[in-house]
Every structure is written in C-alpha cells, then in structure tokens.
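# Architecture and fold: a report
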Amino acid sequence: MEDSFRSAAEWYDGTNALRHEGHLEWDGRGGFVVDGSTSRMEFAAADLHFLEARPGRILYRRESAPDFRLILPADLPPGLAAHLPAKSEYGAWVDRLGIGRAVAIFAVASAAAVALFMTAPDWLGPRIPDSWERNLGQAMIGDFGGRICHTPQGDAALKKLLDAVDPAATQVNAGVANIGMVNAVALPGGQVLLFDGIVQQAESPEELAGVLGHEVGHVRERHVMTALMRQFGLSVLLAGANTGVGDTMAGVASMGYSREAEREADQYARARLAESDISPLGAADFFERVAEESGEGKDQNAVVGWLASHPAAGERAREFKAAAKKGKTYHPVLTGAEFEALKSMCKDDPEVEEFELF
Ligand SMILES: [Zn+2]
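Below you will find a few notes about this structure. For every chain, the first residue of the written sequence is number 1, and numbering continues from 1 onward in sequence order. The predicted nature of this model means local features are confined to residues of pLDDT at least 70 and side-chain atom pairs, given and counted, to a pLDDT of 80 or more, with totals for whole chains, interfaces and linings taken over all residues. Side-chain numbers here rest on the full set of heavy atoms in the structure, without hydrogens or water.

## Digging into the packing of aromatic side chains
The cut-off we apply is this: Here a Phe, Tyr or Trp ring, Trp counted by its six-membered ring, pairs with any other such ring whose centre lies within 6.5 Å, and the pair is stacked when the planes are under 30 degrees apart, edge-to-face when over 60, and tilted otherwise. Here a strand is any run of E in DSSP of at least two residues, a helix any run of H or I of at least four, and the numbering for each starts at the N terminus. Only protein chains enter the area calculation, which uses a 1.4 Å probe; residues under 20% of their type maximum are buried, those over 50% are exposed, and those in between are partly exposed. A positively charged side chain is recorded as over a ring if its NZ (Lys) or CZ (Arg) lies within 6 Å of the ring centre. The angle to the ring normal must also be within 35 degrees.
All told, the structure shown has six aromatic pairs when counted by the stated rule. Relative to Phe-43, the ring of Phe-32 has its centre 6.2 Å away and its plane inclined at 45 degrees; by these criteria the two rings are tilted. Of this pair, Phe-32 sits in strand β3 (residues 31–36) while Phe-43 sits in strand β4 (residues 40–44), and the two are 11 residues apart along the sequence. One exposure class covers both Phe-32 and Phe-43, and it is buried. Look at Phe-50 and Tyr-60: their rings are 6.3 Å apart centre to centre, the planes differ by 90 degrees, and that puts the pair in the edge-to-face class. Remark: Tyr-60 occurs in strand β6 (residues 57–62) and Phe-50 occurs in strand β5 (residues 48–54); sequence separation between them is 10 residues. Take Phe-50 and Tyr-60: they sit in the same class, and that class is buried. Following the ring pairs from residue to residue traces out a cluster consisting of Trp-26, Phe-32, Phe-43 and Phe-68. Against the face of Tyr-330 rests Lys-328, its NZ or CZ located 5.4 Å from the ring centre.

In structure tokens form, the structure reads like this:
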C-alpha cells in the first residue's frame, strides 16, 4: 500500500486509558487498520465518525465502540483523506446548511421563539390540542386522588345542577373535593371541582349554580390553559404541573384569570342561569355575603379562597342582581333534600380521603 493511504496515528482502543501509537491504513476494501506495537484493530470505514478538530490534529470516534478515539495529524495524505469521514466545523446540521444559512435560520427561529414565548399564554392557551389538555387534566385530577366525594344522592344532585349550567352534549366533569377551602377550580380538559368549603358556604342551590356556572364558563371559553401557563410557564405543557396534590392544589388555588376572562365566565354563567330559569340572585347573594364577611375579616378562609382570586365581588354581585327579571318567579334548581345531599356528600362518603394541605 502506498504512503498516500497511510498516516501516523494515535488511538485509544476503548477498553482502557492507554494511548497506542502506530499508523492508520486504508485497507482498500472499505475498512481501516490501526496497527502499532501495543494494539492492532480493524474496523469498517462507515463505523468511523468525525469527532472534533484540534490545532494540528483531527479526532475521530467509532459508532460501535463509544470510548474508542483515533487521533490523526491534520495534514493527511490525499488517498487516506478521501476515505475518512468529512471534517465538521460546527456540527452536522450546520455543516449541511452552511454557516451563513444556519445563522440566518437561527436568528429567525430565535425571534419567533421570543415572540411566541412573550405572548404564549394568551395566544397558545386556546389552541392547545384537546388531547393534551385532557391528559394534563387527568394527571391533575389524579393528584386529588381519593378526595372526590361521592354518595348516590349527592352525585345525582350535582348532576342536576350541572345539567342546568352546562347543557352541552359533552359535559364537563364536575366533582366536590373533600377540601375545606372556600374555593372552586377549573382544571384542563373540562374538569371542574367545587371544594367542600365553598359548598358549605352556600346557603341555597342557586348560589352554587352561580359558582359552578362560572367555573364551567372558564372551561367553555377556553381560559384554563392560558391561566395555567401564566401560573406555571410553558413547562406545564411538557411536564404537567403535578408533583403531588399539595403542589397541584397550591398552583390551581392561586391560578389567576385575567379580568376579561372573569367577565366572560360571569357572562357565561348568567346566560346559562337565564336559559335554565335559575335565579341569578343566588349568585349575587353569595358574592355579597362572602365579600362582606371577608371585608370585615370574619372569615379569613374566604379571603384566601375563591373570592381572593375573583376580585370586585361587589361589582359582580350588582351585575348578577341586574340580570334578574323583575316580577319573575324562578323555580328552585334543587329540592331541599337534594341540596342537603350535596352539602353532606363529603361527610357521608365513608371512603373519601381527608385532605391536609400542609
Ligand atoms: Zn373565575
């Protein structure tokens, strides 16, 4: 073999830290041989890949032997150089594109990424595919584990309330969670949870219809993913927010909607209440009463809960009041017994788990 197909070489054989010295030779049949006094190896040319260029030297690796390294001088004879894998300056895809085009593409892509990131929650939220949202919602609901209360009568009463405020063919999943906080949340994928604390605060089924209708409104108006991304960042799309019920709880309980989203959710609730002949005065009462209580500091629990994340309770109470038709007799949305069943479903469910946030 002429010298054109041969070069001095150093290599690590991949099994130990010894550096071998000798030469590399093209075998004329699609392979290389490294040969020295301490090591001899043969391998296919396709197995050899460019690793990096250093001053005066080029390093290669082998696909089939991750720790193998071949070190050749930079000035290689042409016959050998023709068979060695091409030297890459910047990494494979940049080399393919050329550095100029790669820089241009990268600049455009970064600008787009920055623009997307800045506006992501508002822009991206309503466009998240349903299947992603459902998976995320299911993971978060999973974090509530066995804390969703069930009794036959309570479930039936909740279903009746839900039918009134969510007449869509595919309804949201609504549940009462065994959590004492005065709160209600909408989770991704059409999951709405009333916490038992807010159920206990309600003095009439119409009050609960207002709260439930409002949360369903957040689902139907596609506010949930936007708010979730504001709270957790875009990572929520990849990782989910769930590392345990405490984290999910703390996250969803402090999840904030924009003022505009709150108005839309209220409007949704009022429209459904009107269609189903449910008095909006219940929701008005609820806002008024809880706002008063929290204002006077009587019920700090209410301050950290639903009302805290839903400001301007007085103004909202007025809007629900204004939606009531003068002189109209509304029918109760639940019977007294059904309302009682809903209020006692957490207490009466022998299986439900206790919730401890801290
Ligand atoms: Zn809201």
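## Examining the side chain of Arg-270
Applied cut-off: By definition, residues are in contact when any of their heavy atoms lie within 4.5 Å.
Residue position: Arg-270 is located in helix α11 (residues 259–275). Contact partners of Arg-270, with chain neighbours within four places excluded, come to Glu-319, Phe-320 and Ala-323.

## Looking at the pattern of salt bridges
For side chains bearing opposite charge, pairing can occur when the charged atoms are close. How we decide: Should a side-chain nitrogen of Lys or Arg be within 4 Å of a carboxyl oxygen of Asp or Glu, the pair is scored as a salt bridge.
Scanning the entire structure with this criterion turns up 18 salt bridges. Across the pair Arg-289 and Glu-203 runs a salt bridge whose closest N-O atoms are separated by 3.4 Å. One end of the pair, Arg-289, is in helix α12 (residues 281–295); the other, Glu-203, is in the loop between α6 (196–201) and α7 (205–220), and 86 residues separate them in sequence. Here Glu-203 falls in the exposed class, since its relative accessible area comes to 57%. When the shortest N-O distance is used, the salt bridge between Asp-277 and Lys-328 registers 3.0 Å. You can see Asp-277 sitting in the loop between α11 and α12 and its partner Lys-328 sitting in the loop between α15 (313–322) and α16 (336–343), a full 51 residues away along the chain. Overall, the relative accessible area of 31% leaves Asp-277 in the partly exposed class. Overall, the relative accessible area of 32% leaves Lys-328 in the partly exposed class.

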